[in-house]
Structure formats: structure tokens, C-alpha cells
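Survey of secondary and tertiary structure
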Amino acid sequence: MASPITIIKNNVLLFKATNIQEAARFLAEHLNTTKNKCYDPIERGYVYNIPFFVEEDEYRFVAPDEIVANRRKELEEREHKNARRIWLVPANPNEYDIESAFPRYDTLDWKRSYNYENGDILYIYVSGNIKKVRYKVEVVEGLVRTNDVKYNKKFWMDEQKFEQSKEWGRTRIRLVDEVDTPELSLAHLREHGLKGNIQGSMKLTTGILLDYIMSFFERDLTNGYYPDEVPETLEEGKRKSVMVNVYERNPFARKQCIDHYGIQCQVCNMDFEKTYGEVGKDFIHVHHIKPLHEIKQGYIVDPIKDLIPVCPNCHSMLHRKENGVYLSIEQLRKRILMY
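A brief report on the enclosed structure follows. (Residues numbered from 1 in each chain as written. Predicted model: local features only at pLDDT ≥ 70, side-chain atom pairs only at ≥ 80, totals over all residues. Heavy atoms only, no water.)

With that settled, the discussion passes to the packing of aromatic side chains. Summed over all chains, the structure comprises 15 aromatic pairs. Where tyrosine 96 meets tryptophan 110, the ring centres are 6.1 Å apart and the plane angle is 85°; that geometry is what we call edge-to-face. Highlighted residues: tyrosine 96 in the loop between strand E5 (86-91) and helix H4 (98-104) and tryptophan 110 in strand E6 (residues 107-111), separated in sequence by 14 residues. We note that tyrosine 96, like tryptophan 110, is buried. When the ring of phenylalanine 102 is compared with that of tyrosine 135, the centres are 4.9 Å apart and the planes differ by 55°; the resulting orientation is tilted. Note that phenylalanine 102 is positioned in helix H4 and tyrosine 135 in strand E8 (residues 132-141), a separation of 33 residues in sequence. We note that phenylalanine 102, like tyrosine 135, is buried. A connected cluster of aromatic rings, assembled from ring pairs, spans Tyr96, Trp110, Tyr151, Phe155, Trp156, Phe162 and Trp168. Here lysine 111 stacks its cationic end above the ring of tryptophan 168, 4.6 Å away from the centre of that ring. (Phe/Tyr/Trp six-rings, centres within 6.5 Å; stacked < 30°, edge-to-face > 60°. Helix = DSSP H or I, 4+ residues; strand = E, 2+ residues; numbered from the N terminus. Buried < 20%, exposed > 50% of the residue type's maximum accessible area, 1.4 Å probe, protein only. Lys NZ or Arg CZ within 6 Å of the ring centre and 35° of its normal.)

As a further point, take the side chain of arginine 174. Positionally, arginine 174 belongs in strand E9 (residues 170-178). Given a relative accessible area of 18%, arginine 174 falls into the buried group. Side chain to side chain, arginine 174 and glutamate 138 meet in a polar contact 2.8 Å long. (Polar contact = N/O pair within 3.5 Å; in protein donor to acceptor, adjacent residues only side chain to side chain.)

The subject of this paragraph is the packing of helix H1 (residues 20-31) against helix H2 (residues 36-48). Where H1 meets H2, the axes come as close as 9 Å, and the angle between the chain directions of the two elements is 120°. In terms of their interaxial angle, H1 and H2 are classed as oblique. As for how H1 packs across H2, the hand of that crossing is right-handed. Residues Ile20, Gln21, Ala23, Ala24, Leu27 and Ala28 of H1 pack against Cys38, Tyr39, Ile42, Glu43 and Tyr46 of H2. Of the residues assigned to the contact of H1 with H2, the class counts are nine nonpolar, one polar and one charged. (Axes fitted to C-alpha atoms, helices over the stretch in contact; angles between N-to-C directions. Parallel < 35°, antiparallel > 145°, perpendicular 65-115°, else oblique. Left-handed = near helix turned anticlockwise from the far one by under 90°. Contact = heavy atoms within 4.5 Å. Nonpolar A, V, L, I, M, F, W, Y, C, P; charged D, E, K, R; others polar.)

Residues Leu307 and Pro309 line one face of strand E14 (residues 307-310) and the alternating positions Ile308 and Val310 line the opposite face, and both faces are buried. Across four bridges, strand E13 (residues 285-288) lies against E14 in antiparallel orientation. The residue of E14 that forms the bridge with histidine 288 is leucine 307. (Pairing = 2+ DSSP bridges.)

Enumeration according to the criterion identifies 21 salt bridges in this entry. Of the charged contacts, one joins lysine 9 and aspartate 57 as a salt bridge, the two residues approaching to 3.9 Å between their closest N and O atoms. A residue pair is termed long-range when its members are at least 10 positions apart, and lysine 9 in strand E1 (residues 5-9) and aspartate 57 in strand E4 (residues 57-62) qualify at 48 residues. Classification of aspartate 57 by relative accessible area gives partly exposed; the value is 26%. (Salt bridge = Lys/Arg side-chain N within 4 Å of Asp/Glu carboxyl O.)

Moving on, we come to the sheet that holds strand E10 (residues 202-204). In space, the six strands of this open sheet follow the order E6-E9-E8-E7-E5-E10, with mixed pairing throughout. The open sheet has two edge strands with one neighbour each: E6 and E10. Adjacent strand axes in the sheet meet at a mean angle of 40°, parallel and antiparallel pairs treated alike. Pairing analysis gives six bridges linking E5 to strand E7 (residues 121-126), with the strands arranged parallel.

Turning our attention to the packing of H2 against helix H3 (residues 65-77). One way to put it is that H2 packs onto H3 with a least axis distance of 9 Å and a crossing angle of 115°. For H2 against H3, the interelement crossing comes out left-handed. When H2 is examined against H3, the residues Glu43, Tyr46, Val47 and Tyr48 are found in contact with a partner set consisting of Ile67, Val68, Arg71, Arg72, Leu75 and Glu76. When the residues that make up the contact of H2 with H3 are grouped by side-chain class, the tally is six nonpolar, no polar and four charged.

Okay, structure coming up:
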């Protein structure tokens, strides 16, 4: 069956291929390399939406959803080398305060215990007094260049451990979801296939333990809900936009905010699922109440006091100024009632 694949370079359409062979042939000629070296990045790219980097250039490969789903199923059932790998990884809270770090950053540069690759999934088991699987993360950069590593020193509990960590290779991860349930405690993991303790990264293959852990992480909290920009208006046919900050895109902070306020817009009461049905389920933007220029270095967001769920329209209006001043949530609510 033919699998049409679109090749995109730095967000610009480069080529539309009718199948992976044609895509590999084009990419090989474009990069002046062999065709065989192109198959794997193309397949992992379109199946798992994993970018392929050549120096400073980013290549993405896109295929129809049905083809993607079928190929993903084939790869994972066969445990193919291009299938996304899943790992169970320990984290010691007495060395690094991971619970405080996730709300502060979009990504963390984690110890590269194994040759993690872009698209791999890591389930993080927090040891110490917690002893539970708490986080699901995705590898967004398998090996981070030394000059690009972000050490996040403030979250290290032990100065000596922090200095030692500078010798590690690093993998960049993004938080996908977090849960806190006793069902993912060490005792329950052992009842569902775990042997021994979790002292180092272990690869999870098909089986009871993998299925058990995965069953508690149902959603990708970042999927489609974290725009880098919010459309503001159209001006002479051009798109104008405003940037949203790191806290508005952070899945950890977003989840806590929505758990408190609910999924509807706190300005106009828009509920996307009630309006659009299943396609609108769980969709909402999160607005950071404090203006960017007031945020100082080292600031830690409070998901309840600092963030609030809003629809994209109200979000855009909250980023606009009137007489040089941003409208507050309450002012925008009154404005809606007026008109």
C-alpha cells in the first residue's frame, strides 16, 4: 500500500512523495547521502512526529493519520527497531527536586543513562519517601550538546551531586502527564510484574508491567493546547500574534490550574466540548495573569493564583492593551456583559 509522505524543512514544504522509497530517494539527493540512511529517520519521523535535524536545519515528515496509526501498530507489535521505546527510570528526590522543576520549565535536561532517542517515552519512578511512578515524559532531544545543557542548579539538593552531574551526558525531556496514585507504588508494581528494585533505567517491552503503568497515563496534556503564539488580529492580510510565556505552556502547571477551575473559559464561560462535541473535549488555553515584565528571574508560578483557563478569543483580548494597560479578567467579563 502506498504511503504518501510530505517532507517539510524548517516549516517550509520541501517535497511531496507518493511513498517512503520516493521520499528517501529525494532526501538522499537533497542531503548528498545514501538512500539507506534516510529510511529510519523518515519512518520514525512520520510515525511518531519526531523531527530530524541536520546541523541547524529541522526536517519533518508527515503522512495521513490512518497510515500513521497502522504503521505505528505494526512497528510496536513487531518490536521493530524504529518503534518508540519505553523506559522505567528512577529519580531520587533527595538529590534533585523534580516536583519543583517541572512546573518551572518546559523541558529538563536529564541524565542519559542509556542511548535514549527522540520520541522515546520515560516513566519516572520517584524513590526516597515517595516510591511511586509519578511522571510520563517524552524525549525531545536524545543527546543534548554540552554547550546547550541547562543544569537547573537551584533544584539540586546536594552541591557535590550537582558538580558530579556536569560529567553526565544529557537527554532533553518534556513532561507529558503526571499522576499521583498509590496504585503505582513500588509494592503494586511488584504485583504486576516488576522484579527487584528500580535502581537504574530499564526498558519496558510488551507485558503486564508496561500495560499496567500505561493504563494510568491516558492523555498527552500538551497535545495541541500549547501554542507558542496566540492569534491577535488580522492586519492587511498578515497574521499578527502575541507570545505566550513558559507557564502558559507548561503541562504540570496547566493541569493543576484546570483541576482547580475546570475546563470552561473563566471570562465568557465557553465550554468547547458542549459547543463542538468530542473534538472540543479538554480544549482550553491557560492565561498567565501576571504580565511578563513583572516576572523576575527565579519566579515560581502558582497554578491557582497566577494561571486561569480562558478561550482563545478571550486570551487574545487579555494580551491586548487599552490606553497602555492590559484588561484584567474582571474588566473583560464586564466588557462582555456590556456588549
